[in-house]
Amino acid sequence: MKRSRAGRLVLEIAMILLSLLFLYPLFLAVNNSLKSFGEVMTDVIALPKQLAFENYSYVWSFINYPQLFWNNTVITGLGLIGIILFSSIAAYKLARTKSRMSLLLYFLCIMPMLIPFQSIMLTVLQLAKGLQLSDSTWGLGMLYWGFGAPLAVFIYHGFVKGIPKEIDESATIDGASGFRLFFMVIFPLLKSVTTTIIIIDVMWIWNDFLLPLLMVNGSPDTKTLTLAAYTFVGQYTSDWQYAMTAMVMAVLPSIIVFIFLQKYIVKGVVAGAVKG
Amino acid sequence: MLKLGRKWSEKLEFGIFTLPVLICIAVAFYIPFAMTIRYSLTKWNGISKDPAFIGLDNFKQIFMGDPNFSSSAWFTIKYAVLYIVLVNVLAILLALVLDMKLRTTTWLRAAFFVPYILSLVIVGFIWKFIFMQGFESLGASTGWGIFGWSWLGEPGLAFVSVLLVSIWQSIGFYLVIYIAGLQSVPDDLKEAATVDGAGPIRRFFSVTLPLLAPSITISVFMALTNSIKVFDVILSLTGGGPGGTTYSIAYDIYRDTFQNNLYGYGTAKALILFVAVLIITVIQLTIFKRREVEA
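Worth saying up front: this structure is predicted, and the values here are computed from it rather than measured. (Residues numbered from 1 in each chain as written. Chains lettered and ligands numbered in written order. Predicted model: local features only at pLDDT ≥ 70, side-chain atom pairs only at ≥ 80, totals over all residues. Heavy atoms only, no water.)

So, about the overall build of chain A. Within chain A one finds 13 helices and 0 strands. For chain A, the C-alpha radius of gyration of 24 Å lies well beyond 19 Å, the compact-globule estimate for 276 residues. Dimensions of chain A, computed from C-alpha atoms along their principal axes, come out at roughly 75 × 65 × 35 Å. Split into buried and exposed, the 276 residues of chain A put 54% on the buried side. Considering only contacts in chain A between residues 6 or more positions apart, those separated by 24 or more positions represent 71%. Surface accessibility of chain A: about 13000 Å² in total, with carbon and sulfur atoms responsible for 69%. Positive and negative charge centroids in chain A, built from 19 and 13 side chains respectively, lie 13 Å apart. (Helix = DSSP H or I, 4+ residues; strand = E, 2+ residues; numbered from the N terminus. Rg over C-alpha atoms; globule rule 2.2 N^0.38 Å. Buried < 20%, exposed > 50% of the residue type's maximum accessible area, 1.4 Å probe, protein only. Contact = heavy atoms within 4.5 Å. Areas by Shrake-Rupley, 256 points an atom, 1.4 Å probe, with all protein chains shown as cover. Lys, Arg positive; Asp, Glu negative; His and termini not counted. Charge placed at Lys NZ, Arg CZ, Asp CG, Glu CD.)

What follows deals with the overall build of chain B. Tallying secondary structure elements over chain B gives 12 helices and 2 strands in all. A compact globule built from 295 residues would reach a C-alpha radius of gyration of about 19 Å, whereas chain B, at 25 Å, exceeds it by more than 25%. Within chain B, the fraction of its 295 residues that count as buried is 51%. Taking all contacts inside chain B whose residues are at least 6 apart in sequence as the whole, residues at least 24 apart take part in 69%. In the form shown here, chain B has an accessible surface area of approximately 14400 Å², with 68% of it arising from carbon and sulfur atoms. Taken as two groups, the 22 positive and 17 negative side-chain charges of chain B have centres that lie 6 Å from each other.

A few words on the UniProt feature "transmembrane region" (unreviewed entry) in chain A. What UniProt calls "transmembrane region" (unreviewed entry) maps, in this numbering, to residues 9–30, 68–91, 103–122, 142–160, 181–206 and 240–261 of chain A. Helix and strand shares over residues 181–206 of chain A are 96% and 0% respectively, and the end C-alpha atoms of the span are 32 Å apart. (UniProt positions renumbered as here; feature names shortened; annotations may be inferred.)

Here we come to the UniProt feature "domain: ABC transmembrane type-1" (unreviewed entry) in chain B. Per the UniProt record, "domain: ABC transmembrane type-1" (unreviewed entry) is found at residues 73–284 of chain B. Annotated as residues 73–284 of chain B, this span is 77% helix and 0% strand, and its ends, taken at the C-alpha atoms, are 20 Å apart.

Moving on, we come to the pattern of salt bridges. Charged atoms that come close allow side chains of opposite charge to pair. Residue and element names in this part refer to chain B. In the structure shown here, the tally under the stated rule is 7 salt bridges over all chains. In this structure, arginine 255 and aspartate 252 form a salt bridge, with 2.8 Å as the shortest nitrogen-oxygen distance. One end of the pair is arginine 255 and the other is aspartate 252, both in helix α11 (residues 249–259) and 3 residues apart, which spans about a single turn. Grouping residues by exposure puts arginine 255 and aspartate 252 together as buried. One salt bridge in this structure joins aspartate 252 and lysine 269, with 2.7 Å as the shortest N-O distance. Pair noted here: aspartate 252 is in helix α11 and lysine 269 is in helix α12 (residues 263–294), with a separation of 17 residues, a long-range link. The buried category is assigned to aspartate 252, whose relative accessible area is 0%. In this structure, a network of salt bridges that share partners links the residues Asp66, Asp252, Arg255, Asp256 and Lys269. (Salt bridge = Lys/Arg side-chain N within 4 Å of Asp/Glu carboxyl O.)

Glancing now at the UniProt feature "transmembrane region" (unreviewed entry) in chain B. Residues and elements named next belong to chain B. Listed under "transmembrane region" (unreviewed entry) in the UniProt record, and renumbered for this structure, are residues 12–33, 77–98, 110–130, 157–182, 203–224 and 270–288. Each end of residues 203–224 is marked by a C-alpha atom, and these two atoms are 28 Å apart; helix forms 95% of the span and strand 0%. Annotated as residues 270–288, this span is 100% helix and 0% strand, and its ends, taken at the C-alpha atoms, are 27 Å apart.

Residue and element names in this part refer to chain A. One pass over the structure, following the stated rule, counts 50 aromatic pairs over all chains. For the ring pair tyrosine 106 and phenylalanine 107, a centre distance of 5.7 Å and an interplane angle of 50 degrees mean the geometry is tilted. Among the residues examined, tyrosine 106 registers a relative accessible area of 9% and is labelled buried. Of the residues examined, phenylalanine 107 reaches a relative accessible area of 42% and is grouped as partly exposed. (Phe/Tyr/Trp six-rings, centres within 6.5 Å; stacked < 30°, edge-to-face > 60°.)

Right, let's talk about the interface of chain A and chain B for a bit. Each side of the interface is counted separately: chain A has 89 residues, and chain B has 83 residues. For the pair chain A and chain B, the two sides together bury roughly 7900 Å², of which 81% comes from carbon and sulfur. Note that glutamate 13 of chain B is salt-bridged to lysine 93 of chain A, the shortest N-O span being 2.6 Å. Across the chain A-chain B interface, the total number found is 17 residue pairs in polar contact (both at pLDDT 80 or more). Taken together, the residues that form the side of chain A that touches chain B break down as 69 nonpolar, 15 polar and 5 charged. (Buried area = accessible area lost by both parts, 1.4 Å probe. Polar contact = N/O pair within 3.5 Å; in protein donor to acceptor, adjacent residues only side chain to side chain. Nonpolar A, V, L, I, M, F, W, Y, C, P; charged D, E, K, R; others polar.)

Of all hydrophobic cores here, the largest spans 178 residues; its most connected members are Leu143, Phe147, Leu211 and Met215 of chain A. In contact with leucine 211 of chain A, other than residues within four places in its own chain, are Phe117, Val124, Leu140, Leu143, Tyr144 and Phe147 of chain A. (Core = buried A, V, L, I, M, F, W, Y, C linked by side-chain atoms within 4.5 Å.)

This part covers the environment of phenylalanine 135 of chain B. All names here are of chain B. Secondary-structure assignment places phenylalanine 135 in helix α5 (residues 120–142). Separated by 13 residues in sequence, phenylalanine 135 and glycine 148 have C-alpha atoms that sit 7.0 Å apart. Excluding anything up to four places from it in sequence, phenylalanine 135 contacts Ile130, Phe147 and Trp151.

This part covers helix α6 (residues 117–130) of chain A. Residues and elements named next belong to chain A. For α6, built from 14 residues, the straight-helix expectation of 20 Å at 1.5 Å per residue is met to within 8% by its first-to-last C-alpha distance of 19 Å. Along its length, α6 reaches its greatest deviation from straightness, about 35 degrees, at threonine 123. Taking burial as the measure, the 14 residues of α6 include 11 buried ones, the bulk of the element. What α6 keeps buried is the set Phe117, Gln118, Ser119, Ile120, Met121, Leu122, Thr123, Val124, Leu125, Leu127 and Ala128. Just beyond α6, the residue with positive phi is glutamine 132, at close to 65 degrees. (Expected span 1.5 Å × (residues − 1). Bend = angle between axes of the 7 residues up to and from the residue.)

A separate point is the packing of helix α3 (residues 67–98) of chain B against helix α6 (residues 155–183) of chain B. Residue and element names in this part refer to chain B. Close contact between α3 and α6 brings their axes to 7 Å; oriented N to C, the two are set at 40 degrees. Taken together, the axis directions place α3 and α6 in an arrangement best described as oblique. Judged by the sense of rotation from one axis to the other, the crossing of α3 with α6 is right-handed. (Axes fitted to C-alpha atoms, helices over the stretch in contact; angles between N-to-C directions. Parallel < 35°, antiparallel > 145°, perpendicular 65-115°, else oblique. Left-handed = near helix turned anticlockwise from the far one by under 90°.)

The tally for this structure, following the rule as stated, stands at 0 disulfides over all chains. Not part of a disulfide, cysteine 109 of chain A finds its nearest cysteine sulfur in cysteine 24 of chain B, a span of 10 Å. Given the relative accessible area of 0%, cysteine 109 of chain A is considered buried. Given a relative accessible area of 13%, cysteine 24 of chain B falls into the buried group. (Disulfide = S-S within 2.5 Å.)

Turning to the packing of helix α5 (residues 100–110) of chain A against helix α7 (residues 137–160) of chain A, a few remarks are in order. Two quantities define a packed helix pair, namely the angle between the axes and the distance from one axis to the other. All names here are of chain A. Here α5 crosses α7 at 135 degrees, and the two axes come no closer than 7 Å. Between α5 and α7, the angle is such that the two are oblique. Where α5 approaches α7, its residues Tyr106, Cys109 and Ile110 are matched on the opposing element by Pro150, Val153, Phe154 and His157. A class-by-class count of the residues in the contact of α5 with α7 yields 6 nonpolar, 1 polar and no charged.

The structure is reproduced here in structure tokens:
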């Protein structure tokens, strides 16, 4: 039954070649971000004769990269904190309380997973304007609390059900109750699901496009990385070298994080999909 | 008296713990959803002060004579079916190879996963560059005709391009789900089938595939929900072109609401999308439930 060694080796080499071919578009993006305009136009696949790092300094200051990076961080960080905090505590209470009310509220929490964002995008924008949440990174971050909650509540709820009730009871006897019981005893036990939720939500919020486009695209001070790259390409339709530089700069943070946390990210994505 | 006090404090705690998330969800979903239903019954361009109530006229118009809606619906259906089938078949095939414990499995899995962590809009732009500029150079150096085709300029090919780029971006996600699924198939089951004289193909169809059923359910579900809402990649790759042939439903709604300022009409379409998603999900969940009972 064992395949011959040679056969395996051929398969292995074929797969490596396939994966390199698969990543070739990304290589071409990086390659051309380091070329001058003339070189991009004459030959896309050739390596740069001279590394044009000035593309990077030009785009860096043109789109104000540090500001964009900070905006992304604020939106993602703020969104994440709210999702984790509010969803975990609510899911815990809903899972522990056995009543019709509790079940109803749980369904109210998870039902929105069925609502496609495009169905409500216009009215979300209008409501956000009314609540003074639009045109601000903080406002956008806070909106994600609601958008991320249904999945988070669903995952936390499923997990809390598996934690024995005796833990709550013994903590109560020791004098912990309410918030203290939750944050000192329960929340640490949720660590593995919290990691899963952090991973899928960071990937989602960091890269999200449509909601930021509607909410914070008005001013360069509130744009996200993806939005800036999108606008930038619109302005520089034929300057492909700058466009590719902007693309590479927009995706670089994700790729660096992925290289270091690959194992956890893959695990988190699988866990999120299986539980979701 | 004491008992009553405890009951009240329990209720109070229940409220304090659950209220924040309920408010957030109401703001993000329920209030906008109610507003969507209201707007869908009106004619409004967003500038005039009050939306004019017109009953179900928007829906009538959408179903009776809106070529944009029918062509984008048709595009979305074609896209969704092909996407679901292709991405799952390809991911299963790749997962089978990666499950053979090659020395480079970790690298391969990471390589196929990378595009999934990137923003779809940016992926669309990178591919636009490849289709428009890269293929020219590749054609010149290889001499192959396919690089000379107009991948974004010809309707049929533009559809294929959107499909290809979507699959390229997301196949890693399905791949890791299938790898996880395959790892839960016990080796002795496969060995037992081999001892019983089953060849590799027979073994795949009668042992591996049935045991992969949970992974397939998840993947098809995810592929369906994602493909029916396809938007970002089209926006940056083709912009709906050539000649409006690659508009999806989601894009059509976006175009009507934000580019044509048809607020009432656009939200009516948005509501139809919601109902379609709801029906499909309910059907899928029933099939899923039934299969679970059988298992």
